[in-house]
Amino acid sequence: MPQDDMGKPSMVTCTAPVNIAVIKYWGKRHEELILPINSSLSVTLHQDQLKTTTTVASSRSFLEDRIWLNGKEEDISHPRLQSCLREIRRLARKRHSDGDPSVDVTGLSHKVHICSVNNFPTAAGLASSAAGFACLVFTLARVYGVEGELSGIARQGSGSACRSMHGGFVQWIMGHQEDGKDSLAQQVEPETHWPELRVLVLVASVERKPIGSTSGMQTSVQTSCLLKHRADSVVPGRMEEMIEAVHRKDFSTFAELTMKDSNQFHATCLDTYPPIFYLNNVSHQVISLVHQYNSHYKETRVAYTFDAGPNAVIYTLQEHVTEFVQVVSHFFPPETNGGQFLKGLPVDHAVLSEELKQAIGIEPMPKGIRYIISTKVHSLSLGKHGIHTTQ
Amino acid sequence: MPQDDMGKPSMVTCTAPVNIAVIKYWGKRHEELILPINSSLSVTLHQDQLKTTTTVASSRSFLEDRIWLNGKEEDISHPRLQSCLREIRRLARKRHSDGDPSVDVTGLSHKVHICSVNNFPTAAGLASSAAGFACLVFTLARVYGVEGELSGIARQGSGSACRSMHGGFVQWIMGHQEDGKDSLAQQVEPETHWPELRVLVLVASVERKPIGSTSGMQTSVQTSCLLKHRADSVVPGRMEEMIEAVHRKDFSTFAELTMKDSNQFHATCLDTYPPIFYLNNVSHQVISLVHQYNSHYKETRVAYTFDAGPNAVIYTLQEHVTEFVQVVSHFFPPETNGGQFLKGLPVDHAVLSEELKQAIGIEPMPKGIRYIISTKAGPGPCVVEDQSQHLLGPDGLPKKNV
């Protein structure tokens with residue numbers, strides 16, 4: 001572990017991935033511990049396209065904890081940041097008193113400087129808090145020499161951050177204990193399990209800022225009876241079905257459940273009072289596009305999912321990427337001088353048949369989508385963690 | 001009752017109202033009999049602003065039943081039309097054999113010509129099937145001399161038509177019998193009960209044609225588990241609360257339940273697979289507008305409700321109409337040369353304070369709303385006594401000016 005060497009700060013840098021839920025988390029049963037009302041399941045995305053990088057420096061000469069996010073110093077006293085710092089330090093102290101030799105107990109008393117950046121624009125609304133808190137917790141753990149289960153701490157920074165502590169297909173088990181110790185993330189299948197799965201992030205044009213998810217889900221829990229029914233009676237069965245579909249690499253079932261769960265999440269937002277709208281007319285068009293496309297081929301080739309914002313995430317199989325990217329470009333023609341429309345993994349050009357264009361038959365929506373990020377499930381050649389460490 | 005006089009057709013003309021549900025009907029437990037999965041409640045709108053007029057002519061010289069809707073001859077063999085014709089004739093025959101002297105049993109064997117028009121444009125998507133079928137059934141009943149409970153027959157033409165058989169505040173009791181005989185509409189309070197209540201219909205700009213409600217609700221019943229929960233566990237309690245709010249003229253509760261139920265209906269549409277979107281970005285803006293407006297005044301002054309289409313129906317109290325109409329005009333500025341923006345009951349002009357405009361703070365959406373119809377609660381179907389108002393001529397064909 002890094003040693004403090006004559007006043008020079010010891011430093012660790014790690015990266016962590018973004019994850020996109022296919023069975024959604026929306027609503028807490030405990031605000032402070034961030035315990036959810038239902039379990040959730042996500043796919044961890046590849047860090048080549050989307051990641052957070054965090055450096056933590058620890059030194060006895062630092063006067064206070066400080067944090068910089070994407071170049072700007074932020075308020076370290078934010079409760080969620082404090083939760084993570086407090087919990088990782090508490091865990092480190094506990095491990096040390098349990099006799100764990102790897103804990104850097106001297107370093108525990110030092111203040112830390114934290115610096116974090118994303119390799120994707122924050123304005124894209126790409127749910128960077130999951131990657132951000134996962135990275136923070138993982139890096140702090142490395143600094144303090146803490147090993148083992150960390151998702152419970154990441155969870156206290158941001159619920160979905162616990163799912164970014166693993167690669168591949170990850171479930172966040174809701175747990176039942178009051179103290180939340182059993183509310184943890186667990187890998188369902190590693191990233192190597194389904195190499196054909198592909199992800200396209202359709203970054204929407206920026207409109208008004210949507211309602212933040214913390215307050216949004218609070219209002220939903222307080223006012224939507226449909227949400228309660230979802231959490232109690234629908235999600236448990238869907239989690240089982242989805243895990244089974246992932247194990248069997250059954251794309252059709254995976255895709256249908258993904259779309260239904262996205263829609264049901266947004267349905268509970270509409271059943272909130274006052275209602276919350278995250279889907280806009282571009283989102284509706286993407287949804288129509290996917291249903292028309294699947295209908296034309298008489299099979300579920302493509303699935304959409306939307307979080308608490310306008311970006312669409314498309315799941316598909318490698319064999320359909322080329323054509324579907326072309327379909328998106330055709331029906332959401334980009335700015336001609338707007339820069340690169342397709343980022344990430346390279347995608348070949350394709351020519352769409354007139355038959356396909358007519359079968360889809362929706363009205364083109366110029367500039368509805370700013371750009372597409374083509375990516376896949378996070379894969380790491382070594383270890384089972386979703387996270388890299390560099391010294 | 002009208003007598004057939006030397007081959008001249010006997011003719012009856014009636015009018016019937018539109019109704020707007022505040023607790024929504026969406027989903028059938030029986031397709032053909034049109035039995036719903038939950039009860040619903042509506043407000044019947046005043047016929048001065050919105051109504052269907054139907055003339056039924058009956059004559060032994062007619063060779064077949066025929067129907068004209070808004071000037072165009074339509075297919076009389078449509079199952080829903082046949083249901084209404086068949087059921088009203090069956091009921092008439094039954095009443096006759098039960099000894100009811102008012103039934104015109106001779107006329108029962110004659111064919112009918114039916115002509116129906118709305119005093120509002122069909123393209124406005126204003127759920128005219130309710131008014132249309134209610135009017136048809138009411139008029140046929142008059143022709144055949146059938147009295148009493150008719151909502152069950154109207155229901156078989158179009159579910160929500162049963163609620164247009166009464167004025168004021170009407171509930172459609174879902175019923176439990178297999179044969180649907182207990183699935184009927186009943187008046188909760190007459191139109192005179194709450195004179196301060198006002199209704200504004202915000203007619204949206206026409207976009208693409210939304211998915212029809214018959215097939216839409218079928219898909220919802222088949223695919224949405226949230227809908228089942230709504231019908232079984234949410235609506236019964238809401239119906240009780242709503243009826244109580246109507247009795248007490250508790251606008252705040254009435255309004256909040258109305259908005260919640262509209263949103264929940266649309267939530268179940270979104271939970272349908274494939275999902276159904278009736279609310280568009282104009283609808284979202286209207287919803288934001290209402291919540292901001294109510295929030296500014298710290299009370300629920302205005303409520304919105306949306307059916308299976310983009311038109312917004314606003315419920316409010318008379319004292320707020322002037323200002324709210326001005327608010328709508330400000331945030332949805334109309335075409336400057338687009339004709340009359342405000343129709344129906346007259347509304348005074350108002351000047352909005354800067355404070356109010358800023359408190360609402362949404363982005364104006366020019367031409368998002370085509371026009372506003374200002375109206376109120378109104379009576380049920382009625383007979384038009386004035387013989388010159390018949391839509392059919394003595395030859396049994398639509399008059400030229402129809």
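Structure first, text after, so check above.
Residues numbered from 1 in each chain as written. Chains lettered and ligands numbered in written order. Predicted model: local features only at pLDDT ≥ 70, side-chain atom pairs only at ≥ 80, totals over all residues. Heavy atoms only, no water.

Within chain B, the regular secondary structure consists of ten helices and 17 strands. Relative to the globule expectation of 21 Å for 402 residues, the C-alpha radius of gyration of chain B, 22 Å, shows essentially globular dimensions. Referenced to the eigenvectors of the C-alpha coordinate spread, the extents of chain B come out at roughly 70 × 45 × 40 Å. For chain B, with 402 residues in total, the buried portion stands at 58%. Taking contacts inside chain B between residues at least 6 apart in sequence as the whole, the part at least 24 apart equals 78%. When the accessible surface of chain B is totalled, it reaches about 16600 Å², and 50% of it is carbon and sulfur. Seen as two clouds, the 38 positive and the 43 negative side-chain charges of chain B have centres 4 Å apart. (Helix = DSSP H or I, 4+ residues; strand = E, 2+ residues; numbered from the N terminus. Rg over C-alpha atoms; globule rule 2.2 N^0.38 Å. Buried < 20%, exposed > 50% of the residue type's maximum accessible area, 1.4 Å probe, protein only. Contact = heavy atoms within 4.5 Å. Areas by Shrake-Rupley, 256 points an atom, 1.4 Å probe, with all protein chains shown as cover. Lys, Arg positive; Asp, Glu negative; His and termini not counted. Charge placed at Lys NZ, Arg CZ, Asp CG, Glu CD.)

Turning our attention to the pairing of strand β14 (residues 312-317) of chain A. Residues and elements named next belong to chain A. Taking burial as the measure, the six residues of β14 include six buried ones, the bulk of the element. Pairing analysis gives six bridges linking strand β12 (residues 197-204) to β14, with the strands arranged antiparallel. Within β14, the position partnered with L200 by the bridge is I314. Examined bridge by bridge, strand β13 (residues 302-306) and β14 share five bridges and lie antiparallel to one another. Each bridged residue has a counterpart across the sheet, and for Y304 the counterpart in β14 is I314. Once β13 ends, the chain turns through five residues before running back antiparallel as β14. (Pairing = 2+ DSSP bridges.)

Turning next to the side chain of Q49(A). All names here are of chain A. Position of Q49 relative to the elements: it lies in the loop between β5 (40-44) and β6 (51-59). Judged by its relative accessible area of 13%, Q49 falls in the buried class. A polar side-chain atom of Q49 sits 2.7 Å from a polar atom in the side chain of T375. Sequence-distant contacts of Q49, defined by excluding residues within four places in its chain, comprise N119, G344, L345, I373, S374, T375 and K376. (Polar contact = N/O pair within 3.5 Å; in protein donor to acceptor, adjacent residues only side chain to side chain.)

A separate point is helix α1 (residues 79-97) of chain A. Residues and elements named next belong to chain A. An ideal rise of 1.5 Å per residue puts 27 Å on 19 residues; α1 measures up with 26 Å between its terminal C-alpha atoms. Those residues of α1 that sit buried are R80, L81, S83, C84, L85, E87, I88, R89, L91 and A92. Of the residues trailing α1, G99 is marked for its positive phi of about 100°. (Expected span 1.5 Å × (residues − 1).)

Residues and elements named next belong to chain A. By the definition in use, this model includes 24 aromatic pairs over all chains. One aromatic cluster in this structure is built from F169, W194, F251, F254 and Y315. Taking NZ or CZ as reference, R301 lies 3.7 Å from the ring centre of Y297, over its face. The ring of Y371 has K343 sitting right over it, with the charged end atom 4.5 Å from the ring centre. (Phe/Tyr/Trp six-rings, centres within 6.5 Å; stacked < 30°, edge-to-face > 60°. Lys NZ or Arg CZ within 6 Å of the ring centre and 35° of its normal.)

Residues and elements named next belong to chain A. Enumeration over the complete set of coordinates arrives at 33 salt bridges over all chains. Measuring nitrogen to oxygen at the nearest pair gives 3.0 Å for the salt bridge that ties D65 to R89. Within this pair, whereas D65 is found in the loop between β6 and β7 (66-69), its partner R89 is found in helix α1, the two being separated by 24 residues in sequence. Each member of the pair D65 and R89 is classed as buried. The salt bridge partner of R248 is E244, with a shortest N-O separation of 3.1 Å. Here R248 pairs with E244, and both are found in helix α6 (residues 225-248), just four residues apart, close to one helical turn. For R248, a relative accessible area of 48% translates into the label partly exposed. Connected through salt bridges with shared partners, the residues R86, E87 and R90 form a single ionic network. (Salt bridge = Lys/Arg side-chain N within 4 Å of Asp/Glu carboxyl O.)

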